[in-house]
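Geometric and topological summary
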Amino acid sequence: MPATVTPDTVEATITEALPQFGVDPSEISCDARLEDLDVDSLDLAELSQILEDEYGVQLKGEDAKKISTVGDVIDLVVSRAG
Amino acid sequence: MRREVVVTGVGAVTPLGVGARTLYERWRAGESGIENGLAAATKFDPTDHLSVKEARRADRFSQFAMVAGDEALQAAGWDRDDLPYDRARIGCVFGTGIGGIGTLERGKEILLEQGESKVPPLSVPLMMGNAAAGMLSMRYGLLGNSFGTVSACSASAHAIAQATRMIQYGDADAVITGGSEAALTPLSKAAFASLDAVSKSGISRPFDARRDGFVMGEGGAALVLEDAEKASERGAEPLAKVRGFGATSDAHHLTAPQPEGVGAAAAIRLALKDAGLEPQDISYVNAHGTSTPLNDRAETMAIKDALGERAAEVPVSSTKSAIGHLLGAAGAVEATATILALRDRIAPPTLGWEEREEGMDLDYVPREAHPLNINGGPAIALSNAFGFGGHNVVLCLEV
């Protein structure tokens with residue numbers, strides 16, 4: 001069963017995942033822009049895999065254009081899961 | 001008139017440690033990087049040199065390339081933020097035998113154990129054979145022609161040859177070249193073993209009568225090649241000249257060399273012709289010398305055939321006696337070691353050589369390094385690299 005989806009749980013998942021990609025943990029916040037965190041399309045593909053694993057939500061193709069901040073990713077996952 | 005090409009910087013990661021001088025000095029001193037029948041780059045820790053992001057965006061073979069590349073650029077006196085030439089005039093040609101096979105094997109395990117949806121998205125960009133060439137062009141901002149060369153154990157010699165032509169012909173003013181390999185993986189080790197190419201004794205003793213196959217190694221080397229005139233204008237002090245190369249094919253067998261070394265001899269002759277030299281100009285041969293029964297005999301015949309009477313006078317040694325066979329990285333690593341040996345006017349030894357085989361009667365530099373007999377002239381060497389598929393590449397280097 002996918003984990004319970006709340007903005008807090010998704011944020012926790014992302015906060016745990018991004019440092020594995022080399023992102024400085026102290027720079028991660030909802031307002032942080034992915035570009036500023038040096039999170040590119042390949043990182044996003046890896047993050048998507050983790051989020052799908054955890055919440056059963058797929059982020060694919062067109063979604064990348066709608067996402068510019070960590071908060072955007074959280075909102076999209078929460079709305080899809082709901 | 002074609003342009004002259006010089007080597008202005010070298011870098012290496014090998015089973016003898018990190019650094020080109022470490023490789024050369026330890027080999028010259030008779031030290032071996034082989035342990036328990038394998039020549040792993042055990043002193044290399046990617047996190048010593050690369051950020052988390054850089055390291056995880058690169059298979060081990062590309063990690064070797066980046067660390068060797070950084071050393072080579074520094075040795076050449078290049079400022080990475082202010083390159084000495086127009087970026088569009090700097091290329092990158094970098095070889096590998098197999099590429100990211102470690103990444104491929106992990107991806108296959110995940111596919112079988114966890115299913116398609118869990119296969120890492122980084123699988124393809126890490127395993128592709130041109131990944132190191134692409135990473136280096138991005139790392140240094142090189143906008144000229146860049147690509148990978150794939151010709152098994154002659155891949156990085158082909159890379160250096162192609163880089164040389166690009167500069168000679170005027171297509172580039174400088175090229176970062178070399179090659180790397182990281183194939184000490186379960187599939188690759190088992191596959192080479194089942195081919196009966198790998199030494200069962202675990203000993204690399206090229207040209208010795210008891211040799212029984214090669215010892216697998218890993219690592220890489222990078223060289224900065226520049227147009228000699230432009231290098232001189234910027235005040236660089238070249239380490240060596242690339243005088244030329246010869247490249248041929250055996251068209252004989254997928255893995256076995258042509259038994260009399262006909263293709264290899266032809267490559268040596270072409271290298272001499274390309275360099276405008278005669279056999280008597282050669283003062284050292286860095287052999288491909290794998291320690292396999294077939295290669296070392298065929299290579300000996302090739303050297304005798306192509307160099308004629310000079311073959312009996314020229315020291316011939318194999319770097320693989322100290323670091324095993326670095327497969328696609330071998331040509332670049334051995335060219336690097338050759339350049340540093342020429343600078344010292346030294347022929348490093350073929351470690352472990354003791355027993356002569358009938359008909360294999362060259363000076364294989366047993367036991368210890370000895371000085372080159374050059375009477376104050378330039379020191380000129382041939383560096384041989386031959387690959388499965390029947391590819392033969394011979395580089396001609398001068399210091």
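Nothing here was measured: the structure is a model prediction, and the numbers come from that model. In every chain, residue numbers begin from 1 and rise along the written sequence. Chain letters start at A and ligand numbers start at 1, both assigned in the order the entries are written. For a predicted model such as this one, the threshold for reporting local features is a pLDDT of at least 70, and the threshold for listing and counting side-chain atom pairs is 80 or more; totals across whole chains, interfaces and linings nevertheless cover every residue. Working from all heavy atoms in the structure, the side-chain values ignore hydrogens and water.

Examining the overall build of chain B
What counts as a helix is a DSSP run of H or I of at least four residues, what counts as a strand is a run of E of at least two, and both are numbered from the N terminus. Scanning chain B from N- to C-terminus turns up 14 helices and 13 strands. Rg of the C-alpha trace for chain B: 20 Å, near the compact-globule value of 21 Å for 399 residues, within the 12% margin. Each principal axis of the C-alpha atoms in chain B carries an extent, and together these give about 60 × 50 × 40 Å. Within chain B, buried positions represent 59% of all 399 residues. When contacts within chain B are restricted to residue pairs at least 6 apart in sequence, long-range pairs at least 24 apart make up 80% of them. What the globule rule says is 2.2 Å times the number of residues to the power 0.38, and the radius of gyration is computed from C-alpha atoms. In this scheme, a residue with accessible area under 20% of its type's maximum is buried, one over 50% is exposed, and one in between is partly exposed, where area comes from a 1.4 Å probe on protein chains only. Throughout, a residue-residue contact means that at least one pair of heavy atoms, one from each residue, lies within 4.5 Å.

With respect to the nonpolar core
All names here are of chain B. To qualify as a nonpolar core, a set must consist of buried Ala, Val, Leu, Ile, Met, Phe, Trp, Tyr and Cys residues joined through side-chain atoms within 4.5 Å. By size, the foremost hydrophobic cluster in this structure holds 51 residues, and its most contacted members are V7, V10, L223, L225, I339 and L395. With 8 residues, the top contributor of residues to this core is helix α14 (residues 330-343). Two domains share this core, each providing at least three of its residues, namely domain 1 (5-233) and domain 2 (244-398). Listed in part, the 37 residues of the second largest apolar core include A41, F44, A222 and A236. Boundary definitions for the domains trace back to an automatic or database domain assignment.

Focus: the domain arrangement of chain B
Residue and element names in this part refer to chain B. Partitioning chain B into structural domains gives domain 1 (5-233) and domain 2 (244-398). Computed over C-alpha atoms, the centres of domain 1 and domain 2 are 21 Å apart. Between domain 1 and domain 2, the contact holds 58 residues from the first and 63 residues from the second. The term buried area denotes the loss of accessible surface (1.4 Å probe radius) that occurs when two parts are joined, taken as the sum for both partners. Here domain 1 packs against domain 2, burying approximately 4,800 Å² in sum over the two surfaces, 69% of which is carbon and sulfur. Together, W27, F207 and R211 form the three largest contributors to the area buried by domain 1 at its contact with domain 2, with a combined 21%. What makes a salt bridge here is a side-chain nitrogen of Lys or Arg within 4 Å of a carboxyl oxygen of Asp or Glu, nothing more. Between domain 1 and domain 2 we count 6 salt bridges in total. Close ionic contact of R210 with E355 constitutes a salt bridge, the shortest N to O distance being 3.7 Å. Under this definition, polar contacts are N or O atom pairs within 3.5 Å; protein pairs additionally need one hydrogen-donor-capable and one acceptor-capable atom, and for neighbouring residues in sequence, both atoms have to be side-chain atoms. Linking domain 1 to domain 2 there are 24 residue pairs in polar contact (both at pLDDT 80 or more). Those elements giving two or more residues to the side of domain 1 that touches domain 2 turn out to be β1 (5-14), α1 (20-28), α8 (155-168), β5 (174-181) and β6 (219-227). A total of 7 residues in the side of domain 1 that touches domain 2 trace back to one element, the largest contributor, which is α8. Polarity classes work like this: nonpolar for Ala, Val, Leu, Ile, Met, Phe, Trp, Tyr, Cys and Pro, charged for Asp, Glu, Lys and Arg, and polar for all others, with Gly in that last group. For the side of domain 1 that touches domain 2, the class distribution of residues is 29 nonpolar, 18 polar and 11 charged.

Focus on the packing of aromatic side chains
Residue and element names in this part refer to chain B. Aromatic contacts are taken between Phe, Tyr and Trp rings whose centres are within 6.5 Å, Trp giving its six-membered ring; a plane angle under 30 degrees counts as stacked, one over 60 as edge-to-face, and the others as tilted. Tallying each qualifying case throughout the model produces 6 aromatic pairs over all chains. Look at F192 and F214: their rings are 5.7 Å apart centre to centre, the planes differ by 70°, and that puts the pair in the edge-to-face class. Taken together, the residues span a long stretch of sequence, with F192 in helix α9 (residues 186-194) and F214 in the loop between α9 and β6 at a distance of 22 residues. Judged by relative accessible area, F192 falls into the buried class, the value being 12%. On the numbers, 5.9 Å between centres and 40° between planes, the contact of W353 with Y364 is tilted. Of the two residues, W353 is situated in the loop between β10 (346-347) and β11 (370-371) and Y364 in the loop between β10 and β11; the sequence distance between them amounts to 11 residues. One aromatic cluster is present, formed by F192, F214 and F388 through successive ring pairs.

Some details on the interface of chain B and chain A
With 11 residues of chain B in contact, the opposing surface of chain A contributes 13 residues. It is B:K53, B:R56 and B:P121 that lose the most area in chain B upon contact with chain A, and together they represent 50% of the buried surface on that side. The tally of links between chain B and chain A comes to 6 salt bridges. Across the pair B:R57 and A:D40 runs a salt bridge, and its minimum N-O distance is 2.6 Å. The tally of links between chain B and chain A comes to 9 residue pairs in polar contact (both at pLDDT 80 or more). Here the residues of the side of chain B that touches chain A are counted per class, giving 6 nonpolar, 1 polar and 4 charged.

What about α14(B)?
Residues and elements named next belong to chain B. Helix span is expected to be 1.5 Å times the residue number reduced by one. Taking 1.5 Å as the rise per residue, α14 with 14 residues should run 20 Å; its terminal C-alpha atoms sit 20 Å apart, in good agreement. Most of α14 is tucked away: 13 of the 14 residues are buried. Residue R345 follows α14 closely and has a positive phi angle near 55°.

Regarding the side chain of B:D274
Within the secondary structure, B:D274 is located in helix α11 (residues 262-275). Once residues within four sequence positions are removed from consideration, B:D274 is found in contact with B:R2, B:R165, B:R243, B:G244 and B:F245.

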